[in-house]
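A structural walkthrough
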Amino acid sequence: MSDAAPSTDHGGPDRQPIWSRPERGSRGPAPAHSRDSIVVAAIALADTEGLAAVSMRAVAAALGTGAGSLYRYLSSRDDLLDLMTDRAVGELRPYPRVTDDWLETMVLLGRRQLALFGAHPWLLDVIHRPSGVGPESLAWFDNCLRILEPVRCPVAAKFEAIAMMTGVVSLFARRESAAGAFSFAGVDLAAYPHLVAAFSAPPGPAPRADLVERTLRSLLSGLLLTESTDAE
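Residues numbered from 1 in each chain as written. Predicted model: local features only at pLDDT ≥ 70, side-chain atom pairs only at ≥ 80, totals over all residues. Heavy atoms only, no water.

**Quick word on the packing of helix α5 (residues 102-119) against helix α7 (residues 155-177)**
Where we set the bar: Between the N-to-C directions of two axes lies an angle of 0 to 180 degrees, each axis being a line fitted to C-alpha atoms and, for a helix, fitted only over the stretch in contact. A run of H or I in DSSP becomes a helix once it reaches four residues, and a run of E becomes a strand once it reaches two; helices and strands are each numbered from the N terminus. Here the angle decides the label: under 35 degrees means roughly parallel, over 145 means roughly antiparallel, 65 to 115 means roughly perpendicular, and every other value means oblique. Crossing handedness follows the turn of the near helix against the far one: under a right angle anticlockwise gives a left-handed crossing, and clockwise gives a right-handed one. Any two residues having at least one pair of non-hydrogen atoms within 4.5 Å are treated as being in contact.
Closest axis-to-axis distance for the α5/α7 pair is 9 Å, and the angle between their directions is 40°. With respect to their mutual orientation, α5 and α7 come out oblique. Classified by chirality, the crossing of α7 by α5 is right-handed. Within the contact between the two elements, α5 uses Met106, Leu109, Gly110, Gln113, Leu114 and Phe117 and α7 uses Ile162, Met165, Thr166, Val169, Ser170, Phe172, Ala173 and Glu176.

See the structure below:
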């Protein structure tokens, strides 16, 4: 579904990023709203009704105006999604201060990402849009590089680690949003002896850290410390 305005000046894949365009067009009556208020209304709608409910018409209705008036500030629904994404990423501020333990700080950032996806589940469907990388997203990447500054490895490895962390956290967030009771009731497990053996084995001691923390620690140290060793 598309809510693009009739004009195609900014509608294609090579459209000028919304961040570099003026707040509103120079023509028409005095502005009754701001780009920021439009984004706030769109996020509230997505949080309560899901991303599919976010259209230019629905956001305009939430603001008590007509959809046509929003095109003074945005040229398409894609612009709106980009602004929503970047504003949500901005909620990761304030960033943690630099400590001697870069791994601990990165794990903390990963947990903050997970909480952000929990607060805005729709973000999972737009976070990977290349056009959505705006000022707040760039600031977040810059902050991650600041934290990883003491790690002696190629910059490319740091970018890969940051991207992989976001990807893994996204998977955890999707798992939590789809969580439900799974049962083998009515299933004959005789054909799956390894499953039977696994379920029959006595449980071991509980891990000292939860799965999210263990995964992030293993991922980041595996990607960065290995590269650090190879670079020496």
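**Digging into helix α4 (residues 77-89)**
Defined as follows: What a helix is expected to span follows from its residue count: subtract one and scale by 1.5 Å. Residue burial is assigned from relative accessible area. The probe radius is 1.4 Å, only protein chains are included, and a residue is buried under 20% of its type maximum, exposed over 50%, and partly exposed in between.
A rise of 1.5 Å per residue sets the reference length of α4, with its 13 residues, at 18 Å; its end C-alpha atoms lie 18 Å apart and thus fit the reference within 8%. Within the sequence span of α4, burial applies to Arg77, Asp79, Leu80, Leu81, Asp82, Leu83, Met84, Thr85, Asp86, Ala88 and Val89.

**A short note on the side chain of arginine 35**
Within the element layout of this structure, arginine 35 appears in helix α1 (residues 35-49). Sequence-distant contacts of arginine 35, that is, excluding residues within four places in its chain, are made with Ile18, Arg21, Pro22, Glu23, Tyr73, Leu74 and Leu83.

**Comments concerning the nonpolar core**
We count it as follows: Definition of nonpolar core: a set of buried residues of the types Ala, Val, Leu, Ile, Met, Phe, Trp, Tyr and Cys, connected through side-chain atoms within 4.5 Å.
In terms of nonpolar packing, the biggest core is built from 58 residues, with Val59, Leu80, Met84, Trp102, Met106, Trp122 and Trp140 touching the most fellow members. Ignoring any residue separated from it by four or fewer positions in sequence, one finds tryptophan 140 in contact with Val89, Leu92, Tyr95, Leu109, Gln113, Ile162, Met165 and Thr166.

**Looking at the packing of aromatic side chains**
Let me state the cut-off plainly: Working definition: a ring pair exists when centres of Phe, Tyr or Trp rings (six-membered ring for Trp) sit within 6.5 Å. Plane angles under 30 degrees give stacked, over 60 give edge-to-face, the rest tilted.
All chains considered together, the criterion is met by one aromatic pair. A ring pair is formed by tryptophan 140 and phenylalanine 141, whose centres lie 5.5 Å apart and whose planes are at 80°; its orientation type is edge-to-face.

**Digging into the environment of leucine 80**
If you trace the backbone, leucine 80 turns up in helix α4. For the pair leucine 80 and alanine 42, spaced 38 residues apart in sequence, the C-alpha to C-alpha distance is 7.9 Å.

**Quick look at unusual backbone geometry**
The omega torsion across arginine 93 and proline 94 is -5°, close enough to zero to call that bond cis. Of note, proline 94 is situated in the loop between α4 and α5.

**So, the environment of serine 69**
How we decide: Polar contact criterion, stated in full: a pair of N or O atoms within 3.5 Å, where within protein one must be able to donate a hydrogen and the other to accept it, and residues adjacent in sequence count only if both atoms are side-chain atoms.
Relative to the elements of secondary structure, serine 69 occurs in helix α3 (residues 67-70). Placed twelve residues apart in sequence, serine 69 and arginine 57 show a C-alpha to C-alpha distance of 9.9 Å. Within polar-contact distance, the side chain of serine 69 engages the side chain of threonine 65 at 2.8 Å.

**So, the pattern of salt bridges**
Rule in force here: By salt bridge we mean one thing: a side-chain nitrogen of Lys or Arg within 4 Å of a carboxyl oxygen of Asp or Glu.
Taken as a whole and assessed by the stated rule, the structure comprises nine salt bridges. A salt bridge links arginine 129 to aspartate 78, with the nearest nitrogen and oxygen atoms 3.6 Å apart. Of this pair, arginine 129 sits in the loop between α5 and α6 (135-147) while aspartate 78 sits in helix α4, placing them 51 residues apart in sequence. Using a relative accessible area of 31% as the deciding quantity, one classes aspartate 78 as partly exposed. For arginine 174, the salt bridge goes to aspartate 125, with nearest N and O atoms at 3.7 Å. Residue arginine 174 is located in helix α7, and its partner aspartate 125 is located in the loop between α5 and α6; the two are separated by 49 residues in the primary sequence. Judged by its relative accessible area of 52%, aspartate 125 falls in the exposed class. Overlapping salt bridges, with partners in common, bring together Glu104, Arg111, Asp210, Glu213 and Arg217 in one network.

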